[in-house]
Amino acid sequence: MRRTRIVTVLLALAAGLLAVGPPTARAAETYTWKNARIDGGGFVPGIVFNRTEKDLAYARTDIGGAYRWQESSRTWTPLLDHVGWDDWGHTGVASIASDSVDPDRVYAAVGTYTNDWDPGNGAVLRSADRGATWAKTDLPFKLGGNMPGRGMGERLAVDPHDNDVLYLGAPSGHGLWRSADAGVTWSEVTAFPNPGNYAQDPGDASGYASDNQGITWVTFDESTGGAGTATKTVYVGVADKENAVYRSTDAGTTWERVAGQPTGYLAHKGVLDAENGHLYLAYSDTGGPYDGGKGRLYRYATATGTWTDISPVAEADTYFGFSGLTVDRQNPGTVMATAYSSWWPDTHIFRSTDSGATWTQAWDYTSYPTRENRYTMDVSSSPWLTWGANPAPPEQTPKLGWMTEALEIDPFDPDRMMYGTGATIYGTENLTNWDDEGGTFAVEPMVRGLEETAVNDLAAPPSGAPLLSALGDIGGFRHTSLTEVPSMMYTSPNFTSTTSLDFAESNPDTVVRAGNLDSGPHIAFSTDNGANWFGGSDPSGVSGGGTVAAGADGGRFVWSPEGAGVHHTTGFGTSWQASSGIPAGAVVESDRVDPQTFYGFKSGTFYVSTDGGATFTASPATGLPSGDSVRFKALPGAEGDVWLAGGAADGPYGLWHSTDGGATFTKLSGVDAADTIGFGKAAPGASYQTLYSSAEIGGVRGIFRSTDAGASWIRVNDDAHQWGWTGAAITGDPRVYGRVYVATNGRGIVYGDTAGDGGTDPGPTPTGACEVTYTVTNQWPGGFQADVRLTNTGTAAWNGWSLDWTFADGRRVSRMWNAEHTRSGTTETARNVGWNARVGPDASVSFGFTGEGSGTSADPTAFRMAGRSCTTG
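Conventions used here
Residues numbered from 1 in each chain as written. Predicted model: local features only at pLDDT ≥ 70, side-chain atom pairs only at ≥ 80, totals over all residues. Heavy atoms only, no water. Helix = DSSP H or I, 4+ residues; strand = E, 2+ residues; numbered from the N terminus. Rg over C-alpha atoms; globule rule 2.2 N^0.38 Å. Buried < 20%, exposed > 50% of the residue type's maximum accessible area, 1.4 Å probe, protein only. Contact = heavy atoms within 4.5 Å. Lys, Arg positive; Asp, Glu negative; His and termini not counted. Charge placed at Lys NZ, Arg CZ, Asp CG, Glu CD. Polar contact = N/O pair within 3.5 Å; in protein donor to acceptor, adjacent residues only side chain to side chain. Phe/Tyr/Trp six-rings, centres within 6.5 Å; stacked < 30°, edge-to-face > 60°. Pairing = 2+ DSSP bridges. Disulfide = S-S within 2.5 Å. Salt bridge = Lys/Arg side-chain N within 4 Å of Asp/Glu carboxyl O. Patch = residues over 30% accessible without salt bridge, like charges linked within 9 Å, V, L, I, M, F, W, Y side chains within 5 Å. Areas by Shrake-Rupley, 256 points an atom, 1.4 Å probe, with all protein chains shown as cover. Core = buried A, V, L, I, M, F, W, Y, C linked by side-chain atoms within 4.5 Å.

Peer 1: Sorry, what's going on with the overall build of the protein chain here?
Peer 2: Of regular secondary structure, the protein chain possesses one helix and 71 strands. Expected size for 873 residues packed as a compact globule is a radius of gyration near 29 Å; at 28 Å, the protein chain falls within 12% of this value. Taking the principal axes of the C-alpha coordinates as reference, the protein chain spans close to 80 × 70 × 55 Å. Counting only residues that meet the buried cut, the protein chain has 60% of its 873 residues in that class. Put simply, 55% of the contacts in the protein chain that link residues at least 6 apart link residues at least 24 apart. Considering the protein chain, the positive charge centre built from 58 side chains and the negative charge centre built from 96 side chains are found 4 Å apart.

Peer 1: Can you help me understand the side chain of Ser609 in this one?
Peer 2: Looking at the secondary structure, you find Ser609 in strand β47 (residues 605-609). Since its relative accessible area comes to 0%, Ser609 is described here as buried. At a separation of 2.9 Å, a polar atom in the side chain of Ser609 contacts the main-chain amide nitrogen of Gly613. Discounting residues that sit within four places of it in the chain, Ser609 has contacts with Gln596, Thr597, Phe598, Ala614, Thr615 and Phe616.

Peer 1: Looking at this structure, how should I read the environment of Gly270?
Peer 2: Structurally, the position occupied by Gly270 is in strand β19 (residues 266-273). With relative accessibility at 8%, the residue Gly270 sits in the buried group. When the C-alpha positions of Gly270 and Asn836 are compared, they lie 40 Å apart, and in sequence the two are 566 residues distant.

Peer 1: Whenever I open this one, the packing of aromatic side chains confuses me. Can you help?
Peer 2: Evaluated as defined, the whole model comprises 51 aromatic pairs. Between the aromatic rings of Trp117 and Tyr208, the centroid separation amounts to 5.1 Å while the plane-to-plane angle is 15°, which identifies the pairing as stacked. You can see Trp117 sitting in the loop between β8 (106-110) and β9 (123-127) and its partner Tyr208 sitting in the loop between β14 (187-188) and β15 (215-220), a full 91 residues away along the chain. A relative accessible area of 42% places Trp117 in the partly exposed class. Here Tyr208 falls in the buried class, since its relative accessible area comes to 18%. Seen in terms of ring centroids, Tyr741 and Tyr751 are 6.2 Å apart; in terms of plane orientation they differ by 40°. Their pairing is tilted. Of this pair, Tyr741 sits in strand β59 (residues 740-743) while Tyr751 sits in strand β60 (residues 749-754), and the two are ten residues apart along the sequence. Residue Tyr741 shares its accessibility class with Tyr751, and that shared class is buried. Among the aromatic side chains, those forming a connected cluster through ring pairs are Tyr774, Phe784, Trp801, Trp805, Phe807, Phe847, Phe849 and Phe863.

Peer 1: Looking at this structure, I do not really get the sheet that holds strand β43 (residues 567-570). What am I missing?
Peer 2: The strands that make up a sheet are held in pairs by hydrogen bonds between backbone atoms, and each pair lies either parallel or antiparallel. If you trace the four strands from one edge of the open sheet to the other, you get β41-β42-β43-β44, paired in antiparallel fashion. Unpaired on one side and paired on the other, β41 (544-550) and β44 (577-578) mark the two borders of the sheet. Looking at chain direction, strand β42 (residues 556-562) and β43 are connected through four bridges and run antiparallel. Following the sheet pairing, Arg556 is matched in β43 by Thr570.

Peer 1: Looking at this structure, how should I read the side chain of Ser658?
Peer 2: In this fold, Ser658 is placed in strand β51 (residues 653-658). With a relative accessible area of 0%, Ser658 lands in the buried category. At a separation of 2.8 Å, a polar atom in the side chain of Ser658 contacts the side chain of Asp660.

Peer 1: Looking at this structure, I do not really get the sheet that holds strand β40 (residues 534-535). What am I missing?
Peer 2: Reading across from one edge, β37-β38-β39-β40 is the order of the four strands in this open sheet, with antiparallel pairing throughout. Edge strands, defined here as strands with exactly one partner in the open sheet, are β37 (497-504) and β40. The sheet contact formed by β37 and strand β38 (residues 507-516) spans seven bridges and is antiparallel. Each bridged residue has a counterpart across the sheet, and for Ala504 the counterpart in β38 is Asn507.

Peer 1: Looking at this structure, how should I read the state of the cysteines?
Peer 2: Disulfide: a covalent bond connecting the sulfur atoms of a pair of cysteines. Applying the stated criterion across every chain yields a total of one disulfide. Covalently, Cys770 is tied to Cys870 through a disulfide, its sulfur atoms 2.0 Å apart. Its S-S torsion of about -90° marks the bond between Cys770 and Cys870 as left-handed, since a negative value means left-handed. You can see Cys770 sitting in strand β61 (residues 770-780) and its partner Cys870 sitting in strand β71 (residues 868-872), a full 100 residues away along the chain.

Peer 1: What should I look at first to understand the pattern of salt bridges in this one?
Peer 2: Inspection of every chain in the model, using the stated rule, returns 33 salt bridges. A salt bridge links Arg416 to Glu71, with the shortest nitrogen-to-oxygen separation between them at 2.9 Å. Highlighted residues: Arg416 in the loop between β30 (407-409) and β31 (417-420) and Glu71 in the loop between β5 (66-70) and β6 (75-78), separated in sequence by 345 residues. Residue Arg416 is classed as buried on the basis of its relative accessible area, which comes to 2%. Given a relative accessible area of 28%, Glu71 falls into the partly exposed group. Close ionic contact of Arg592 with Asp502 constitutes a salt bridge, the shortest N to O distance being 3.2 Å. Here Arg592, found in the loop between β45 (587-590) and β46 (598-602), pairs with Asp502, found in strand β37; they are 90 residues apart in sequence, far enough to count as distant. On the basis of relative accessibility, which here comes to 9%, the residue Arg592 falls in the buried class. On the accessibility criterion, Asp502 (6% relative accessible area) is buried. Via salt bridges that share partners, Lys54, Asp55, Glu71, Arg74, Asp410, Arg416, Glu429 and Glu444 belong to a single interconnected network.

Peer 1: Looking at this model, I keep getting lost on a nonpolar patch on the surface. Mind explaining?
Peer 2: A grouping of Tyr290, Trp343, Trp344, Tyr365 and Tyr368 is seen on the molecular surface, where their side chains present a nonpolar patch of about 570 Å² in accessible area. The residue Trp343 is located in the loop between β24 (335-339) and β25 (348-352) in this model. On the basis of relative accessible area, Trp343 is assigned to the partly exposed category, the value being 35%.

Peer 1: Please clarify how unusual backbone geometry should be interpreted in this entry.
Peer 2: The bulk of non-glycine residues show a negative phi, and the bulk of peptide bonds are trans. Across the junction of Gly288 and Pro289, the peptide omega takes the value 5°, indicating a cis bond. With an omega dihedral of 10°, the bond running from Pro393 to Pro394 counts as a cis peptide bond. Despite not being glycine, Met403 has its phi angle at roughly 55°, a positive value. By the secondary structure assignment, Met403 is in the loop between β29 (375-377) and β30. On the basis of relative accessible area, Met403 is assigned to the buried category, the value being 5%.

Peer 1: Looking at this model, I keep getting lost on the nonpolar core. Mind explaining?
Peer 2: Inside soluble globular proteins, nonpolar side chains tend to come together where they are buried. Core analysis: the largest hydrophobic core is formed by 40 residues, its most contacted members being Met336, Trp384, Tyr419, Leu458 and Ile749. Among residues more than four places away in sequence, those in contact with Trp384 are Ile38, Asp39, Gly41, Ala423, Ile474, Phe477, Val485, Pro486, Ser487, Met488 and Met489. In this structure, Trp805, Phe847, Phe863 and Met865 belong to the second largest nonpolar core, which totals 23 residues.

Peer 1: What's the story with the pairing of β61 in this structure? I'm lost.
Peer 2: Taken residue by residue, a regular strand's side chains alternate between the two faces of the sheet. Summarising the sheet, β61 and strand β62 (residues 783-792) pair through ten bridges and their orientation is antiparallel. Its bridge partner being in β62, Val772 is matched across the sheet by Leu790. The turn linking β61 back onto β62 is made up of two residues, and Gly782 within it adopts a positive phi angle of 85°. Pairing of β61 with β71 involves two bridges; the strand directions are parallel. Counterpart to Val772 in the pairing with β71 is Thr872.

This is the structure:
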């Protein structure tokens with residue numbers, strides 16, 4: 001559920017800060033928020049198409065929230081950015097369900113971990129406006145959007161006849177749950193006999209791999225019900241290799257194990273073709289998404305109870321499990337499946353047009369290692385998907401995928417298919433070419449707008465590329481443009497995850513990064529601002545990246561890797577020497593003025609080196625956080641000026657400042673808690689650089705900014721833009737006042753600009769004629785949804801546009817996609833985002849929004865662009 005608007009929050013925040021004394025809060029100007037484009041970057045375990053409305057589809061991610069497909073722009077719209085710090089686990093989506101009776105309704109089962117890594121329980125979110133706003137029902141157990149088995153499903157399902165009825169399969173032995181009031185309340189189906197028993201590794205003491213994966217999917221047989229009455233026959237998948245499939249034929253009152261079913265495998269998916277009476281099942285010997293060595297495909301005849309093994313390859317020839325599974329709803333005899341755990345040389349996708357009697361493959365060998373592909377791939381929109389690799393046959397780049405557990409044919413278009421991988425969503429719009437002799441279908445990323453990277457560190461140099469990032473799983477990127485996908489992640493070496501990076505403050509072309517790699521160095525250097533890299537050498541014992549710092553002039557580096565103590569070097573890491581006086585595991589940073597000075601922190605003690613990292617001395621400063629959840633930085637241009645953020649609820653927690661190189665620290669009295677600190681260009685007329693922090697001030701969590709060295713703060717995000725946990729890194733931009741880059745744990749790199757202070761370049765003013773087509777696409781009590789198409793009817797291209805209108809009856813825009821939204825009084829304004837700024841003659845651009853209010857007056861007919869009236873169509 002969305003909370004109060006930003007104005008309300010800021011008033012409350014200001015009151016709270018005035019009550020506790022400095023620092024004080026001031027009213028914030030409007031910020032706009034975007035992603036630094038990467039496009040994808042993480043695992044997409046589920047894609048769901050609505051069965052009754054064309055072009056309505058949703059995607060779920062394991063840690064990065066849920067998304068809705070926007071057909072007009074062919075992009076994904078994020079739906080869970082409102083999830084706040086305290087509920088960060090709700091950015092992991094265990095399942096998603098779209099209501100086929102009322103397509104405005106959508107549900108998400110959220111929760112990231114079932115062990116104690118996630119302190120909160122799971123919840124079911126429900127929306128009556130396609131995810132624009134949500135209500136929440138907390139559950140009495142945890143859900144595991146990022147747990148083993150997360151690609152199975154869907155665990156959440158809406159009855160296709162009585163859409164007030166929903167089922168949810170729970171993990172951890174909590175059984176099957178049911179709601180009879182559209183997700184408002186839930187109760188356990190006590191008659192369901194089997195809560196599951198399979199765990200990936202029962203001996204895992206952390207509780208992660210040892211968790212019972214539970215109830216994994218729910219499928220309705222829509223041929224056994226009618227409008228307004230609950231569907232009679234329901235199938236349920238259970239994580240139990242001997243008892244994987246159950247059925248009810250009395251709308252969930254009683255349940256029985258389906259007779260004759262195969263054993264020895266887990267049923268990852270169960271997809272029903274009601275027209276032909278076939279329940280298809282994809283089996284694997286493990287729960288995935290990484291593992292799986294054997295698998296089968298089966299077809300169950302719902303009328304006769306006959307089981308048929310329809311696997312496309314012999315069991316002896318499998319080295320993978322099956323998971324992705326879909327039926328062509330326009331041609332129900334067509335079924336497709338994936339070998340999700342075929343990592344090498346590539347995933348397999350299988351297709352049958354005769355209900356599984358015979359199959360063809362997306363690729364096969366002509367003679368090993370030569371492959372023949374039925375597809376072509378174009379990843380020019382996300383070129384990094386090649387990984388910069390040059391593999392030997394039969395491996396190819398880009399790969400068709402891996403972890404391919406989501407696979408869906410559009411129920412309205414047999415030519416469109418989407419499937420999720422460990423890094424992106426791929427799709428095709430000429431799928432049926434597969435069936436032509438010698439034909440090929442075209443695969444390309446369909447992921448724009450879906451950003452799913454976990455960000456470990458950020459750096460904004462004063463020259464060169466505006467942003468450098470350290471990311472989990474895909475290493476990181478050098479963004480020369482925030483609105484374009486970088487051509488490649490860091491290579492030479494390719495870290496699986498980059499844990500830390502830094503640049504030399506007075507020589508920003510010198511950059512260092514540290515990270516994780518199964519085989520090879522854990523540190524790399526660049527002398528051209530991160531465009532090209534070369535690996536360094538590791539001290540003995542290094543097992544992970546840890547943190548790294550570059551001296552102010554780039555002549556020396558200090559590295560605190562995992563598995564070894566703190567080390568220092570001159571040059572580019574060909575030889576490292578152990579540092580003394582500082583414990584292993586310390587976080588290290590550099591002074592941004594003195595190239596000989598480095599800092600460290602470990603377990604409540606601050607450390608200082610003035611000899612290039614050779615020796616460190618413990619600071620006498622006391623009262624600092626006792627734990628190791630601390631991030632600190634030295635201010636550029638001011639020697640010895642250090643800011644430290646961190647702590648925990650059971651001890652010191654907040655923001656500290658030192659002006660004497662860490663000898664003493666002063667805690668800012670009005671900052672309740674702070675987890676990151678970063679610096680950006682000073683405000684106009686200010687002498688001190690702008691501070692940014694992910695913090696709690698005046699009892700409110702958010703992203704805060706100070707332009708007066710911490711004396712006062714404003715919250716620059718709002719309750720609609722929270723992104724869960726934002727505690728890894730933050731930095732301002734040293735070249736653009738007001739711009740801040742925020743690290744999220746699964747929603748990529750978010751950056752904010754303030755229009756009021758020049759953070760956004762407005763671009764040229766459009767000239768020439770314009771036409772607007774305004775269409776209300778949906779209405780409900782208290783709200784509506786509309787699409788707007790803006791056409792350039794002039795003779796010159798626009799490079800940026802801004803459209804104004806008013807509602808005569810008090811209605812107002814609540815959320816907008818594919819355009820930036822602002823409001824002044826009763827005037828609503830939609831402004832281009834980076835990728836749709838240019839509109840050529842006779843070309844159009846579209847955006848949409850949801851609105852509040854139920855007025856009955858005519859829709860707006862007066863639209864203005866740059867003071868010029870547009871005609872309406």
